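Close look at the chain arrangement
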Amino acid sequence: MAIQLPVIAKEPVRTKSPGQHGETIPKANFDVCLVRIGGNNKTSDNVTDTTRGCSGGCYGCYAARSMGVFQGRRRFDQPETQIVVGEIVQHDLLQMVRKEPYLDWVRNGVMGDPSLDWDSAVELSEYAGRVGIRTVIISKFWTLPTDEHLKRLALSGAILHFSLIPGYEWAPDLIVGKRRDGNRVRDICSALVAYDKMTRPKGMKEADSVYMRICSAEFDRNHPIGGLLAHTQDFFANFAKKQGFRILETPWKFEGKSDPRWEFLDHEKMDRAKSYTLGEGRGRKKTAGPILSPEGFDKYKEWKPFVIACDTTCDVCPNQCGTVDKEKGADVRIMIQNGEKISIKN
Ligand code: SF4
């Protein structure tokens, strides 16, 4: 039986913002600037964006609601490609390593989605690769990389993270008369499989350069739409396991009834989220916490399980976007915990 895929509302587009005296001020697109490597209060100093902004419109997107966008009066929905200059990228990366010698990777995709301009994303990754830094590209793959892009990314050592949010992506096996999304996830899965083939070292059971980032939640399986959302989450978790793509779970934090997926959640299994920075005290948002990882999983300590988590600030994150390689062993990492630098052995 053909079913109709539900439409999950998107983040409203706000073209104006209120000024100090009640006037309305039009928002501007992001400036087009040189790509620099830096950090913010959740990350280490190893993040950047080759595209700023994103037209995806996922409700509750932290980047779209960040201070820089809000106070800077920016149109997040209007992505702007930034300018990659190799010498500047490499200068910044060398400065990064000088400051934090344990950082050997850079994240592209914080304040925008790199998939909106693969040429720039690939260029950055190549410049980084030439100074021994791997690029982690975190993306919803709004556009697909070409085979040429994938080959160049593979040669540069890039790691691809497909970040999926049930409701904005649907399992490819849901058969509908006509899918409004053109079943784009089917093509994304094919691209990830192809990239894994190019990059997985011989004999390795798990992918080296492909991660499935699942923005997880406990959905109400007895609700027709909650059931489809749960099916989608299960589909991708199983697909990842079958392909050997490690799962990087990001427990989604729902802000309340205004969230379009709120009514499809299993509220019995959700709780108030703890603050990232304090690690204690319940906030306003609701989350199920990590649910795909094994029993007793410690998100502050573990990087080895098949399912790891993105649920801390980056300075204390034990898996560093999956770049801590459990196959290599013997590596020593310096992490900051409780303001102290400590070394951790793989
Ligand atoms: S996985 Fe870790 S390092 Fe990567 S974004 Fe999440 S918290 Fe930061």
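Refer to the preceding data block for the structure.
As a starting point, this report considers the structure included with it. Being a predicted model, the structure only gives us computed values, none of them experimental.

Turning next to the pairing of strand β8 (residues 159-164). Summarising burial for β8: 6 of the 6 residues are buried, a large majority. Burial along β8 is two-sided: the face carrying I159, H161 and S163 and the face carrying L160, F162 and L164 are both buried. Here 4 bridges tie strand β7 (residues 134-139) to β8, and the two strands are oriented parallel to one another. Bridging from a neighbouring strand, S139 pairs with F162 of β8. In this structure, β8 lies alongside strand β9 (residues 210-216), joined through 5 bridges in parallel fashion. Looking at the pairing, L164 lines up with I214 of β9.

The buried count for β7 comes to 5 of 6 residues, which makes it a mostly enclosed element. Bridge analysis of strand β6 (residues 105-108) against β7 gives 4 bridges, and the strand direction is parallel. Note on β7: the bridge partner recorded for V106 is T135. Handedness of the crossover joining β7 and β8 through helix α4 (residues 147-156) is recorded here as right-handed.

Next up on the list: the site of the ligand. Taken together, the residues surrounding the ligand are K42, W105, R107, R213, L248, C310, T312, C314, C317, N319, Q320 and C321. Considered class by class, the residues forming the shell around the ligand number 6 nonpolar, 3 polar and 3 charged.

This part covers the sheet that holds β9. To summarise the sheet geometry, strands pair through backbone hydrogen bonds and adopt either a parallel or an antiparallel arrangement. Strands sit in the order β3-β6-β7-β8-β9-β10-β13 across an open sheet of 7 strands; the sheet is parallel. Sheet topology places β3 (47-48) and β13 (307-309) at the edges, where each strand pairs with a single neighbour.

Relative to each other, helix α2 (residues 86-99) and helix α3 (residues 118-130) sit at 50 degrees, their axes nearing to 9 Å. Here α3 runs oblique to α2, going by the angle between their axes. The interaxial crossing formed by α2 with α3 has right-handed handedness. Counting all contacts with α2, which are made through G86, V89, Q90 and L93, the residues of α3 involved are L124, Y127, A128 and R130. When the residues that make up the contact of α2 with α3 are grouped by side-chain class, the tally is 5 nonpolar, 2 polar and 1 charged.

Rules used throughout
Residues numbered from 1 in each chain as written. Predicted model: local features only at pLDDT ≥ 70, side-chain atom pairs only at ≥ 80, totals over all residues. Heavy atoms only, no water. Buried < 20%, exposed > 50% of the residue type's maximum accessible area, 1.4 Å probe, protein only. Helix = DSSP H or I, 4+ residues; strand = E, 2+ residues; numbered from the N terminus. Pairing = 2+ DSSP bridges. Right-handed = clockwise from strand over helix to strand, strands pointing away. Near = heavy atom within 4 Å. Nonpolar A, V, L, I, M, F, W, Y, C, P; charged D, E, K, R; others polar. Axes fitted to C-alpha atoms, helices over the stretch in contact; angles between N-to-C directions. Parallel < 35°, antiparallel > 145°, perpendicular 65-115°, else oblique. Left-handed = near helix turned anticlockwise from the far one by under 90°. Contact = heavy atoms within 4.5 Å.

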